[in-house]
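Working through the structure, step by step
Letter by letter, the chains look like this.
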Amino acid sequence: MQPSMPGGVGFLKATIDVPDDAHVLDVVFADSESAQSFHDDNGGLDYHIPIEGGRGTMPGLKVVHVAVEMAPIAKVGGMGDVVTALARAVQEEGHSVEVVVPKYDVISYHQVEGLYQDGGFNHGGTFVRVWHGQVEGLATTFLEPENGHFWRQCIYGRGDDHVRFGFFCGAALEYLRVRNVQPNILHCHDWQSAAVSWGERPNNAKVAFTIHNLNYGADLVGRAMATCEVATTVSPTYAREISGHPVIAPHLTKMFGIRNGIDQELWDPSIDEHLPQNFGPEDVVQGKAAAKRELRRRGNLADVDVPLVSVVTRLVHQKGIHLIKHAAWRTCERGGQFVLLGSAPDPRVQGEFNALREQLMRAYPDRAALFFSYDEPLSHLIYAASDMFLVPSMFEPCGLTQMI
């Protein structure tokens, strides 16, 4: 090391011989060779400097996501969007990506390309069928146990989700073992697939664990935090908010807050296949008008020149369901139209919204439309058509609606 400025104060420089077949230089910094020296390894990630002019290429990794949601085929909340968008982004970087999900009976199978069965294996006292297909350009594996865990006409909400998803995690790891899949990275998401982190990993794979919402399954999240190599959550702000939680605090050195993102290719209204008319900045008025006409037709709403207020959400208390009810009434009372797309995993909450729909239909038959289903194409139409969008959440780890 040599001084880089006169007097030798503050900055040093070094010249390093690099093989011409190298592609990246991994660097850590220390002020001496002593074990007690100041040490900067970028929080355990090291610093990576690309080699300009080198002949080497970055070797691709095999990355396997194990998740219980995946947009657009099996989505309840933002996790499904993130699993798909992140997997596509990593694949575009040149890595090999596979997503493993349960084969629910409510999957939107028309959005799975080339689905076929590929034998199966025994796990946990039952036979598990293996299916393969393509979802948004991603190699996707579906696991279908014959014990009926995923033949429930729903993704969540039958009172034994911890049993069902615990079984799925074990089955996913067994699938990787029996099919000799050799991942470098296993990526699991929230409490539902947390058990992958402490299971028997093939190929000594490293585990990345993402916390989408710490409001659920804290015990399982804590165990995954203890056993994963690196943990992320969906924004730097949320990382700070949960940093003092008992299951997070002991493992802060491996936690990184990375802001969520959406796949702009899937949500760009100029190419969105779910819209009746594509549009950009130049023809946004005509495009939104076409989307509004189609949404009103589907919801049996009057085709009148009034504001259209919408919400697309899971109907859980975190999302401010009392404010959603209030907004529905006030919108209609003041002459606007109200559209909701979502459903509640809690039968009691769903019953309340079923009653709300009946009441609104009687009072304002052409002013309100409430859709209680998972419908990805309809969500795109609602986003495009709306004049105002509601996000009355009590808290949001990140939130994707405002990005759309």
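Residues numbered from 1 in each chain as written. Predicted model: local features only at pLDDT ≥ 70, side-chain atom pairs only at ≥ 80, totals over all residues. Heavy atoms only, no water.

Considering helix H9 (residues 376–385)
Across the ten residues of H9, nine count as buried, placing the element largely inside the fold. One side-chain oxygen of the residue at the start of H9 lies 3.0 Å from the amide nitrogen of leucine 378, identifying that residue as aspartate 375. (Buried < 20%, exposed > 50% of the residue type's maximum accessible area, 1.4 Å probe, protein only. Helix = DSSP H or I, 4+ residues; strand = E, 2+ residues; numbered from the N terminus. Polar contact = N/O pair within 3.5 Å; in protein donor to acceptor, adjacent residues only side chain to side chain.)

Focus on the sheet that holds strand E18 (residues 368–371)
With parallel pairing, the four strands of this open sheet are ordered in space as E18-E17-E16-E19. If you trace the sheet from one side to the other, it starts and ends with E18 and strand E19 (388–389), each paired once. Of the strand pairs in this sheet, strand E16 (residues 308–312) and strand E17 (residues 337–341) are connected by five bridges, and their pairing is parallel. If you follow valine 311 over to E17, its bridge partner there is leucine 340. Helix H6 (residues 284–299) contacts E16, E17 and E18 of the sheet and is inclined by roughly 75 degrees relative to E18. Relative to the sheet, helix H8 (residues 347–363) contacts E17 and E18, its axis offset from that of E18 by approximately 155 degrees. (Pairing = 2+ DSSP bridges. Contact = heavy atoms within 4.5 Å. Axes fitted to C-alpha atoms, helices over the stretch in contact; angles between N-to-C directions.)

Observations regarding the sheet that holds strand E12 (residues 185–189)
The nine strands are arranged E9-E10-E11-E8-E7-E12-E13-E14-E15 in an open sheet whose pairing can be described as mixed. Two strands bound the open sheet, and with one partner strand each, they are strand E9 (113–123) and strand E15 (255–257). In this sheet, adjacent strand axes meet at a mean angle of 25 degrees when their direction is disregarded. By the bridge criterion, three bridges tie strand E14 (residues 230–233) to E15 in an arrangement that is parallel. Of the residues in E15, the one forming a bridge with alanine 231 is methionine 255. Sitting on the sheet, helix H1 (residues 78–92) is in contact with strand E7 (62–66), strand E8 (96–102), strand E11 (138–145) and E12, with an inclination near 160 degrees to E8. Contacting strand E13 (206–211), E14 and E15, helix H3 (residues 218–227) crosses the sheet at an angle of about 145 degrees to E13.

None of the figures reported here should be taken as evidence of function without further support.
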